[in-house]
Structure formats: structure tokens, C-alpha cells
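Single-letter residue listing:
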Amino acid sequence: MPIGTGVDTHVFCRIICLLLSTLWLRFVYANDQRERERERERERERLECVEFHSLPFLGNGIKTYKYNALTFIPLNLFEQFKRVANLYFLALLILQIIPEISTLPWYTTLVPLVLVLGITAIKDLVDDLARHRMDKEINNRKCDVLLDGRFQESKWMSIHVGDVVRLKKNDHIPADILLLSSSNPNSLCYVETAELDGETNLKFKMGLKVTDERLQEEHQLAQFDAMIVCEEPNNRLDKFTGTMRWRKDRFPLDLDNMILRGCRIRNTDVCHGLVIFAGADTKIMRNGGKTRFKRTKIDELMNYMVYSIFVILILLCAGLAIGNSFWYEEVGSRAWYLKDGKDQTASYRGFLSFWGYIIVLNTMVPISLYVSVEVIRLGQSKFINWDLQMYYQEKDTPAKARTTTLNEQLGQIEYIFSDKTGTLTQNIMAFKKCYLLDVHSGPLHCPVDFSWNKYADSKFEYLDHSLVACIRSKKDKDAMEFFKLLSLCHTVMVEQNEDELVYQAASPDEGALVTAARNFGFVFLSRTQDTITISEMDQEMTYEVLALLDFNSDRKRMSIILRFPDGRIRLYCKGADTVIYERLSPNSRHKEVTQTALDIFANQTLRTLCLCYKDISKQEFDAWAKKHKAASVAMSNREAALDGVYEQIESNLMMIGATAIEDKLQDGVPETIAKLAKADIKIWVLTGDKKETAENIGYSCELLTDNMQIHYGEDIKLNRHVCVFSPQNEILYEKKKKRRRLRLKRLGRRPVPATPQDATQPIDDWEKESRQVDFVNMACECEAVICCRVTPKQKANVVSLVKKYKKAVTLSIGDGANDVNMIKTADIGVGISGQEGMQAVMSSDYAFAQFRYLERLLLVHGRWSYIRMCKFLRYFFFKNFAFTLVHFWYSFFNGFSAQVAYEDWFITLYNVMYSSLPVLLVGLLDQDVNDKLSRKFPKLYLPGQQGALFNYKNFFISLFHGIFTSLVVFFIPYGAFLQTMGQDGEAPSDYQSLAVVMASSLIFTVNLQISLETSYWTFVNCFAVLCSIAIYFGIMFDIHSAGIHVIFPSTFTFTGVAPNALRQPYLWLTIILTVGISLLPVIFIKFLCKTIWPSVGDNVRPNQWNLGVFEMELSRRSAYAFSHSRGYADLIASGRSIRRRPAAARPDPRDSITEVPQAGNI
């Protein structure tokens, strides 16, 4: 049967779509996306012979909650029963229902289990309700969506891919949208990206020229029917690739045309956009990364110890079951009075006895342990939140514990990985010094008076009067050229806001330089598509912009080519000294003295920059411009082609001078680092900055000192800067290089690399792992490490390497979105709520406003939390062993029959009411030394790093302590009851009286034991101990009363036992003797430990240590500073990013010129 041409065409189109979709491309249809989806569905059904491969579009609603009304109970119970302990007690409850096995009533297990599950469920419910509220608030935000030919208000959750939306000033962006048009000239749109990438300076987005011209009105937008072909959803915040097909034409799309969710519209009245990615497909949601479940070392150790208790329990039960079999064979089967009428063998009875003892000894596995730990952690988190010494009043920012599960881990940190900019520094730049060939400026004593300059910023401070006098005299042409360059060579944008000129800089560095030029009389006023206007000493001048060679991290410089009013063509360039000196003309003057000045600036930890120029002939420029145009339209490797063209023109430069900018440290950073170093915490700085800048900040914050030997690890395959100290480390590094070379020889000849980069790649996974081990071993020998030029992913990789190969507890601290991966990878993540948005804070475990608070978080709260948790766990295991093992000793006197030694209700309430409150308060309030001594003596932190306070040694000490206490609690009352006569002539040696005496002795012992463990006494602690004992006696007398027995005769069987037994003075003496013998060895051992083997804390309390003071000498270091992100050159050069200048005369901006961010206000 012949196939029609139409069908051929359809099939061909489907095949083409299939091929495209296998490349994971997204097709978005404007306005009628939903109708198009239905049409495509019908087309797929019609052409079943062709499989159309496409990913479905997600809605714009987000969901971060875990439960709803129907799923909460089953899902929460399912999650809780993932815990082995909870599952174990559920199995016990089932066993207790079996009459032949059960030796305890079912409620002895059900009551604690329900209490534990209920408290945990309530906590989970509160957390999930907060997530519900947040999701509801976000999903119900309103936005104008184009529906049925007009804009209608719609909820965010109702937005779909392909919808056209209208956004207004200060609106949050609901999805990743393609900017179509705006109320600003040339569809320019200002957005704030602080929540997205952590940067506070405004960014510029622009629509395509065709959409700007044709999609301004509502009816035009309603007729918009373009198709967008773009990449599938991904987490690349810095990249977008797509094509718009509209009216038989194609238009390239990139990130400059996209406004991402997480941004906010600023300084733009109205803009229109097309939804490309929605909901979970948006870049901000994709960029969040996988949330890693973090667990403390104590958690892991505690779980292993619970497993150990399981093993001990099974061994004990097996031994007792074997004992029951032998006893029944030898004694029970021959005693007529023990006949129960059951025809069961000794082995079968032993088998039943095994399960009976599993039930009796179940309290060895502490059911309330996990919920008690959660309560303690919650309280410790609240103490962090309430700490006024970690409250930053200037920004009204308190410390925030955003998790309640990691507090004790804060007391075990071995490595800190810190970002630099915004974490150690304030990310606020100030122009401090400069070098102008023969003029070397520097601070004097009093600030310069800039009142002569009508454009001066009153917040700008400078102290060198000679430089100002030189500028005002207009005699030094080099000085005039210096500040002219600063006012012209930049990508700063300016907008007019009423009577003010507001600067928007790509980085604080550029803002500081342009502000400095403004104060020295060279004021940047405005720019257009091809001109830039400045005021030179009150004379307005306009220069034609011929080309703008923007900054990137590889070039480390930027240039601008200008045509002067007199027709001259000149290139101005500023950049790092390492790249500028390579491009200087042999005829350039004062290269050596400028380098000396740069070294001086670097020694003072200032961020330096070189300024230079080059005069270009018209013929040379015309030839270069042709190459530049060809490179700028290249479809492949465009950036590399442009870099090559830039390299040709940026040569034979003439030096003008150098600048020095201060990135001021946050308050208390050097002191904090010094204290943490004394606590044997190693600090690594992971930054995207250049090597020199990072090293200088290292000296400034005293992470590096001149007593240290610096080693640069360029040979390491991570290609990062590593500071290695002491000759031993350098020898270690050389040995590792030799071992690496020998390994490579043994592996054989490496294949010829295709590129120079391939030559440095490892041959196989074994070599890759070997290099990683070498790097970690070498770096961890150092006192401090600085890794520079690292990407966010590499930051996380460095943290992972240390965790993997050193098994160390790590902490990452940062303030920007580029630190999120590192924060999530570390055992503890700390976010600084500073100048770079809230992404780091939202991904962190703890958050505060200043780096200096890290000292208190670790040395005070972390250390206290660790000590408290360790003391709590040691005591918790002890009291459970002491309580449970009494059953074990009693078994030798009851024929191994799985009979319990206590009353049923005492077993039920022991962990819940009789012994829980004092130990909980120790876990919440105890402290060996106060906060001042904790910070004064950082060596107190060492036991936490070593895990000295809770390990298997401590576990077995608690086990043997519990065994000893259980022996005393059972055998002393047993011996006292063996041949006893009461005052009334009756022998009170019945089982029930023995149970009461043993229980009373145990309650006194465990409550007085926690009193001995308490280091910090308060009224609450004293009340808790006395209250626990009082509650025990109160409940015991109630459940032993005749009244409750009448109501529940089968449940309360110890009628009158307590009043009868405890009225005998002999039994009170027995209780006192039992308690005394239990506690005397503990008191003696504690006395020996404090006098003969005192701990660090024991030494601190009576003694004061003398802390040495280390002096620091100056040394020469080179550095440079520049914008760390790409500037606005493409935007400026396009000619569509500039506001149209009003026809009215420019207002006098005296005393009203402002700059954002405020770089000069230090």
C-alpha cells in the first residue's frame, strides 16, 4: 500500500523530534502550551509506529513536607520502626501476648513504647506543619498570568510551562522565565539575586530586541506563539542555552535573557516573561542538591553499643535457658509440688524460658534512650538560640540552631573548612592606597577634606593630603591619567533615581575604585550604547567606547578602548600584576619600583591592582576590529576566540600605577582563629580567590604567621594552593613525590596525551586514589591549608577527601550560595547571614551573623553538649544494667524460671518516672567549667576530639559498674532476708518484701549516683533528685494500697507490702547498707582520679594557665584584587542595556550621589 506524502512528512518530523529529544532538549510553546500538549498527545496516538521521547513538564507547585492527614500515622510509624530498638520492643510486645512465654504483663512494654513513639511523632508533626505552612505560603503567592487574552491574577502553583506572566517591582520570580519585555528602555530589567547566588549587588537582564519591539502591549503578548527549544532542567546557575523560533526566524537565547526563580524584580516597574522551567525543574530547586542525612559519631557509636547489648542479652538468655533445662531435668521434674500438668520436655521448657528471659531482660536495651537523647538535643539547641553573646545587634540577627541532632558533634570538630570573602572578611571594599609612579601615597593622620569636590561622597575617607594636592594642581599628567582610567575602565552601571545617581557594580572592588575616582575629581556620570561620560575636575567629557574587553577568571584583567574627543584611540587596562607585567612594553617606566610598592601593599594584606594604557593607531585598530567582530559571532568556542583577539591588542602596555584596596576582616577573626588553633582544630580556607589574595588574608587573620614555612603545592594534581609548614612537612612532600614517580614507572608507559591537560590525569582509579591519599596525608600534616581558585564542587570534594581518608569530624562555614555544597558535605554546616544572601543559611545546620561566634559555638556550646551527652549516656547504660541484671542474679534462686525480681509496675515506671528527670537535667544543664574558662583554656576541647568521654572503654566501665551495683542490690537484701525476724515476731522474708527493698535500694543508689556525677548544681537538679525519690515512694504506696487493689485486683497484687516492709527499721538499715556499699567504691575512685589522675577540667578549676603571646614579623608578599565575576561588558556593548537619557538637564547630584553596595563606608 503506498504511503501518502503527508504521512511521510509527519513520520519524518516525528523521527526528527525523536532524535532531538534523545539529546534532552525541551520544547516550550508560548501561550498555548496546554493545548499543544493535548495536540502532541493525539499525534502520538495517531502515529504509534514512532516513539516520541519527551520528558513531562512539572507544575509550579513545590512540596517539601513529608506527611499529610492520611499518611502521617502510617508513614511516621514506618519511619520510627526503622529504628532497631523500636522494632525490637514491638516484637517484645507481641511475645508478651503469648501466655506460654510471657512473664510480664503487656503494659510493661506498651506504656514506654507508646510514650516514646508519641513524643517522637509530636516532634515530627510540629516540624512538618512548619514545612506545610512554608509551602502553602509560597505556592499561594499571587502573580499575573495571561489567560484568555488578558492578564489575570493566579496562584504560583497554577502556573504552567509556556504561560506568559507579568511581574512588577519588588515581585519575587515564580519560575525560571524568559524575559520578553519590560517598562525600561530596551527591555532592561534589574534583578536582585541574593537568594540565588548570594550576591547583593543588582544584576541586569535584557529581552531580545525583537520581543522588546513587538511584545509591549497585552494584545501583542496574547498573540505571541513562539516555540522555545532549550536545554533540559539542570542546576547550572551560570549557563543557559536555547533558541527561540518565531515568525520563520531563529533567535539565540542565553542566561542574560533569563530571570531565574529566587530572584526579585528591582528598579523595574513592569516586565513580561515566558515560563520555561517551573517548580522542581527550576534551577534554584535543582541546585539545592541532595540533602545528606547527617549523623553524629556518638549516634553511630550508640547504635553499635545497642547492638552489643543485643548480643549480651541473647547470650545471657541462652545461658539462663540452658540453666532452666538442666534445673528442670535435675530438680523440677522430681519435685511433686512443682508439677504443672504439662507434658513438656526439659529442652522445650528451656526454649520457652529463653523467650521469657528475652522479655524479662528487655530493659537492658533502653527503649527511652533515643527519645531522651532527642529531648536533650532539643534543649541544647534552644540554649544556642537564646545565647545573647551570639546575637548580632547591628543586624538584629540571633544565632540559630537549624537542626537538633548534631549538637554534641560540635564538641568533636577536628577540621574547619572556611570560605574567605564574606566569612572571614566583611566583603566591603575600601580604597586605601595607591602608587602613581613618583607619587607613593599612604595614610597620614587626619582625613582629607573633599569639600572642594561637589560630587564627593561624604562617607569616603582618605588620609594622604599630598596626593589630593597633586591632583588639584593638575600638573602631574600621570596622576590625572591614573584617576581618569579608574573612572573610565569599568563595567559599573549608573541609573538616575530621582535626584541621585546610583552605581551598580559587578563587584565591591569596582565600586570602591569608581568611588575613589569620583572623590578625586573624576566622576563617572553616565554611559550610552557607545559613549561614556565623566566629569574631569568639574569639566564634563564624553568618550566614544570602541570596545570593552571584559574580565574573566582566566584573563584576570579588563580593558576598554576609547576614542578621545581629539580623535586619539587609547586602551586602558587594569588587572593582576602577574598578567600585567607579562604584557608591559620594554619601554614602560618604573616597573621595579611599582613591584616594590605592590609588595608593600601585599604585606599589609591589601588587594592590589595594576593600571596601564596603550595608544593605538587607527590602522591598527581597524585591523583588530575586524578580527574582533569575526570572533564575537563565532558559533563554537566563542570565548576562546575572543580571548585570542584580546591577547593581540593587550600588549606593549605602559604602566601608570597601582591601587590597594582593603577587604576588611570581620571583628574578632584573628582572635577566633588563634583560639581554635590552640584547641587543636585545623583550619582550611577554601576560596575562589586568587592565590595572592587568599594568602594575604591568611596573614591578616593570623591563620598564617611569619614563623611558618610556606609551601606552594602546584605539583599536586588538584592544582590548588597548599600551605605546608615546618621542614618535616617539606621532606614528607618530597618523599611522596618520589613514591609517586616510582609507582608510575611500575605502571608502565603512559599513553601519549591528546592535550596537555590529559597528561596530568591519573591513569586509573588506583592512581587517582593514591594521589588523593597523598594530598590528604600531606595537607593534614600542616597547621593550616589554603586552597584557592576552587569551584563550589571542588570545595565539597576537598571536604569529602578529609572525611574519607582521615575519618575526622569536619565543619564547613560559608556565607554564599557557592558554599552550599561544602556546607552540606561536612559533618557540620554553618551559615553566615552576611552580605551574600540566605542560601548558605538555608542549607546550614547552624547559622549566625559573625565568624567570631564560631569560637563560642564550639568551645562553649559544643564542648558542653558533648560532655553532657557523654555523661548522660554513661549513666543511662549504668542504671539500666544495674536495674536489669538483678533479674539475672535472682534467676539462680528461682530455678531459672524467668520470674521477675520486682513488681510489674516498678518495671514499667522505672525508666519513665523514677530515674529519668535527674539524668535529663544533667544532659541539659551540667558544665564542668563555666563559659569564660571554656574560652580561656581551649585545651579543654581536646577530650572531645579524642572521643575520650564516650567510647567502648566507657561502655564496658558502665557495664561492670552496673554489674557490681546489681550484685550489691540483690545479694545484700537477700542475705539480710535469709534469717530475719521482725519486731512483731514475724519474718518479713517474703518475695514481695524483698522486691520492695531491692527496688528502694536501687532508686536511692541511682539517684545518688547521678548526684555524684553532677558538676554544676542548681536548685532544679536538687529538686529533680529529691522529687524522683518522692515520686517513687508516693506511687509505690498508692499502688500497694488496698483501695486500688479492690478496683483492679488482678493488676495490683502487692497489697500492703510497702507499708508493712518499710515500717521495719531492720529493712531501712538494709537499704542504707546497700546504698552505701554501692556508692563507696565510686566515691573512692573519683577521689583518686581528681587527686592522682586529674583531667584537664580538674586542673583548670583551681589553676590559671599562662598563655604565651606570639609576635608576628612583616614579610613581603605579592597580591592583586579584581572582580571575581564577569562584568557587564556584553550588556553595555549591546546598546540595549542603557536607559535613554532624559531631555531635561542633568540634576546637580551634589551630596546625593550614592553607590550600591557602599564600598567606601568602612
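The rules we used
As a convention, each chain's residues are numbered from 1 in the sequence order in which they are written. Under the rules for a predicted model, residues below a pLDDT of 70 receive no local features and side-chain atom pairs below 80 are neither given nor counted, while totals for whole chains, interfaces and linings still include all residues. By convention in this description, side-chain values take in all heavy atoms of the structure and omit both hydrogens and water. The rule is simple: take the accessible area with a 1.4 Å probe, protein chains only, and divide by the maximum for that residue type; under 20% is buried, over 50% is exposed, in between is partly exposed. Note on conventions: DSSP H or I runs of at least 4 residues are helices, E runs of at least 2 residues are strands, and numbering of each starts at the N terminus. Pairing between strands is defined by DSSP: at least two bridges between them are needed. Contacts described as polar in this section are N or O atom pairs within 3.5 Å, which, within protein, must combine one atom able to donate a hydrogen with one able to accept it, while residues neighboring in sequence count only if both atoms come from side chains. The criterion used for residue contact is that any of the two residues' heavy atoms lie within 4.5 Å. Here an axis means a line fitted to C-alpha atoms, over the contact stretch when the element is a helix, while the angle between two N-to-C directions is reported on a 0 to 180 degree scale. Patch members must show over 30% relative accessible area and no salt bridge, and they are joined within 9 Å when carrying like charges or within 5 Å when they are nonpolar side chains of Val, Leu, Ile, Met, Phe, Trp or Tyr. Note on areas: Shrake-Rupley, 1.4 Å probe, and residue coverage restricted to the protein chains presented here. Any Lys or Arg side-chain nitrogen located within 4 Å of an Asp or Glu carboxyl oxygen qualifies as a salt bridge. Each aromatic pair joins two rings of Phe, Tyr and Trp (for Trp, the six-membered one) with centres within 6.5 Å, and gets the label stacked for planes under 30 degrees apart, edge-to-face for over 60, and tilted for any other angle. Criterion for a charge above a ring: Arg CZ or Lys NZ at most 6 Å from the ring centre, at most 35 degrees from the ring normal.

A.B. asks: Help me understand the pairing of strand β9 (residues 242-246), please; the structure alone is not making it clear to me.
C.D. replies: Regular strands place side chains that alternate from one sheet face to the opposite one. Along β9, the buried face is formed by G242, M244 and W246; none of T243 and R245, which line the opposite face, is buried. Both strand β8 (residues 227-231) and β9 contribute to a ladder of four bridges, which runs antiparallel. Opposite M227, over in β9, you have R245 as the bridge partner. Following β9, the chain reverses through two residues before pairing antiparallel with strand β10 (residues 249-253); R247 in that reversal takes a positive phi of roughly 55°.

A.B. asks: Could you clarify how one ought to interpret the side chain of T491 in this entry?
C.D. replies: Mapped onto the fold, T491 is located in the loop between α14 (477-488) and β18 (493-497). Side chain to side chain, T491 and E510 meet in a polar contact 3.1 Å long.

A.B. asks: Explanation requested: the sheet that holds strand β15 (residues 415-418) in the structure shown.
C.D. replies: Here seven strands make up an open sheet; going across it, the order is β14-β31-β30-β29-β15-β27-β28 and the pairing mixed. Both edges of this open sheet fall to β14 (400-401) and β28 (784-787), since each of them pairs with a single strand only. Examined bridge by bridge, strand β30 (residues 828-832) and strand β31 (residues 846-848) share three bridges and lie parallel to one another. Along β31, the bridge assignment pairs G831 with A847. Here helix α25 (residues 792-806) sits on the sheet and contacts β15, β27 (682-686) and β29 (810-814); the angle it forms with β27, its principal contact strand, is near 155°. In the packing of helix α28 (residues 853-891) onto the sheet, contacts are made with β15, β29, β30 and β31, and the angle to β31 comes to roughly 140°.

A.B. asks: Looking at this model, I keep getting lost on the side chain of S181. Mind explaining?
C.D. replies: One can find S181 in strand β5 (residues 176-182). Owing to a relative accessible area of 0%, S181 belongs among the buried residues under this scheme. Setting aside anything within four residues of it in sequence, one finds S181 in contact with S187, T211, D212, L215, Q216, C271 and H272.

A.B. asks: So what exactly am I meant to see when it comes to a nonpolar patch on the surface here?
C.D. replies: A cluster of nonpolar side chains, contributed by V84, Y304, Y307, Y952, F956 and F960, occupies part of the molecular surface with about 600 Å² of accessible area. When residues in the nonpolar patch are grouped by element, the largest group, three residues, is from helix α33 (residues 952-978). Inspection of the secondary structure assignment puts V84 in helix α4 (residues 84-96).

A.B. asks: What exactly am I supposed to notice about the packing of aromatic side chains here?
C.D. replies: For any two aromatic rings, the description comes down to two numbers: the centre-to-centre distance and the angle of the planes. Tallied over the entire structure, the rule returns 50 aromatic pairs. Ring geometry for F483 against F520: centres 4.4 Å apart, planes inclined by 25°, an arrangement best described as stacked. Taken together, the residues F483 in helix α14 and F520 in the loop between α15 (508-519) and β20 (522-527) connect sequence positions 37 residues apart. Here F520 falls in the buried class, since its relative accessible area comes to 0%. Between F906 and Y910, the aromatic rings sit 5.7 Å apart at their centres with planes inclined by 50°, giving tilted as the arrangement. Of this pair, F906 and Y910 both sit in helix α29 (residues 904-914), separated by four residues, roughly a single helical turn. For F906, a relative accessible area of 3% puts it in the buried group. An aromatic cluster of three or more residues is present, and its members are F888, W889, Y890, F892, F893, F896, F970, F971, Y974, Y991 and F1054. In this structure, R214 is placed above the aromatic ring of W246, and the distance from its NZ or CZ to the ring centre is 6.0 Å. Between K879 and the ring centre of F876, over which it is positioned, the NZ or CZ distance is 4.4 Å.

A.B. asks: For this particular structure, what's the right way to read the pattern of salt bridges?
C.D. replies: A side chain of one charge can pair with a side chain of the opposite charge when the charged atoms of the two come close. One pass over the full model with this rule turns up 38 salt bridges. In this structure, K574 engages E510 in a salt bridge whose closest nitrogen and oxygen atoms are separated by 3.5 Å. With a gap of 64 residues between them, K574 in strand β24 (residues 569-575) and E510 in helix α15 connect regions that are remote in the sequence. Judged by its relative accessible area of 0%, K574 is buried. A salt bridge links R568 to D566; the shortest N-O distance between them is 2.8 Å. Note on R568: relative accessible area 36%, which makes it partly exposed. On the basis of relative accessible area, D566 is assigned to the exposed category, the value being 53%. Several salt bridges converge on common partners, so that one network encompasses R555, R557, E582, R583, E647 and E650.

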